[in-house]
Amino acid sequence: MITASDFKKGITISWNNGLWLIVDFQHVKPGKGAAFVRSKLKNIITGAIREETFNPTEKFPLARIETKDMQYLYNDGELYYFMDPETFEQIPLNHDAVEDAIIYLKENDFAQMRFYEGKPFEVSAPNFVELEITETEPGFKGDTATGANKPAITETGAKINVPLFVEIGDRVKIDTRTGEYLSRV
């Protein structure tokens, strides 16, 4: 159990028939009245965000979240299949559970999968990936003085902005947390 006064960013609690990640919190001590904790919570399963206030002594059960490295195998058009490299167990997931990570994953890449009570609910791509550019406009000589960018599409379908000198076939390093181009590889 954890009290509202012990809230920290990144803690997951079980509250209001759901799993909630503490995104932000603030201890407030007004001049009049009792202190309270203003918090911003994100439902891990649905992605909904709520702002709530709690009494600092209010207690919540901590949610035990497991994280495992899983290998992405393939997509059959409906489900995405991941394998535990230790047990070789395959786990199929629908698009909602993988939508943020799948645009950065190729077959046989590893990703982190989060579980609650043995059930997977979220997949995260590695922080940095190297992908090949499959579509982009050609850059023109003399356009580089402004540091301009152009849209590009990677081999996995991710849409990113790249500098004008990047061409089709180039491999680029991407930060998956922000979706930004970092460098050519």
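Note: the structure precedes this text.
Computed from a prediction, not measured in an experiment: that's the story for all the values here.

What counts and how
Residues numbered from 1 in each chain as written. Predicted model: local features only at pLDDT ≥ 70, side-chain atom pairs only at ≥ 80, totals over all residues. Heavy atoms only, no water. Helix = DSSP H or I, 4+ residues; strand = E, 2+ residues; numbered from the N terminus. Rg over C-alpha atoms; globule rule 2.2 N^0.38 Å. Buried < 20%, exposed > 50% of the residue type's maximum accessible area, 1.4 Å probe, protein only. Contact = heavy atoms within 4.5 Å. Areas by Shrake-Rupley, 256 points an atom, 1.4 Å probe, with all protein chains shown as cover. Lys, Arg positive; Asp, Glu negative; His and termini not counted. Charge placed at Lys NZ, Arg CZ, Asp CG, Glu CD. Pairing = 2+ DSSP bridges. Axes fitted to C-alpha atoms, helices over the stretch in contact; angles between N-to-C directions. Salt bridge = Lys/Arg side-chain N within 4 Å of Asp/Glu carboxyl O.

1. A few points about the overall build of the chain
Move 1: Helix and strand counts for the chain come out as 1 helix and 16 strands.
Move 2: Rg of the C-alpha trace for the chain: 21 Å, well past the compact-globule value of 16 Å for 185 residues, more than 25% over.
Move 3: Projecting the C-alpha coordinates of the chain onto the three principal axes gives extents of approximately 65 × 45 × 25 Å.
Move 4: Sorting the 185 residues of the chain into buried and exposed places 36% on the buried side.
Move 5: Contacts spanning at least 24 positions in sequence make up 43% of the contacts within the chain whose residues lie at least 6 apart.
Move 6: Accessible surface, the chain: about 11,500 Å² in total, of which carbon and sulfur atoms supply 47%.
Move 7: Put simply, the chain has 21 plus and 29 minus side-chain charges, and the middle of one group is 10 Å from the middle of the other.

2. As for the side chain of Thr154
Move 1: Inspection of the secondary structure assignment puts Thr154 in strand S13 (residues 149-154).
Move 2: Residue Thr154 is classed as buried on the basis of its relative accessible area of 2%.
Move 3: Leaving out residues up to four positions away in the same chain, Thr154 has contacts with Ile103, Leu131, Glu132, Ile133, Thr134, Ile160 and Ile174.

3. Observations regarding the sheet that holds strand S16 (residues 180-184)
Move 1: In spatial order, the strands read S14-S13-S12-S15-S16; together these 5 strands make up an open sheet with antiparallel pairing. Of all the strands in the sheet, just strand S14 (159-163) and S16 have a single pairing partner and so form its edges. Going across the sheet, the axis of each strand differs from the next one's by a mean of 55 degrees, ignoring polarity.
Move 2: Pairing of strand S15 (residues 171-175) with S16, which is carried by 4 bridges, proceeds in the antiparallel orientation. When the bridges of S16 are listed, Val172 appears paired with Arg184.

4. Focus on the pairing of S14
Move 1: Of the pairings in the sheet, the one linking S13 to S14 comprises 5 bridges and is antiparallel in character. Residue pairing for S14: Ala152 is matched across the bridge by Ile160.
Move 2: Taken together, S13 and the strand that follows it, S14, pair antiparallel across an intervening segment of 4 residues, in which Gly157 is found at a positive phi of about 100 degrees.

5. Some words on the pattern of salt bridges
Move 1: This structure, assessed with the given rule, holds 7 salt bridges.
Move 2: Measuring nitrogen to oxygen at the nearest pair gives 3.6 Å for the salt bridge that ties Arg171 to Glu155. Linking Arg171 in strand S15 with Glu155 in the loop between S13 and S14, this pair joins segments that are 16 residues apart in sequence.

6. Comments concerning the sheet that holds strand S3 (residues 18-28)
Pairing between sheet strands relies on hydrogen bonds along the backbone, with the strands arranged either parallel or antiparallel.
Move 1: Within the open sheet, the 4 strands sit side by side as S2-S3-S4-S5. Their pairing is antiparallel. If you trace the sheet from one side to the other, it starts and ends with strand S2 (12-15) and strand S5 (49-54), each paired once. The average undirected angle you get between the axes of adjacent strands in this sheet is 40 degrees.
Move 2: Of the pairings in the sheet, the one linking strand S4 (residues 36-43) to S5 comprises 6 bridges and is antiparallel in character. Its bridge partner lying in S5, Ser39 is registered against Glu52.

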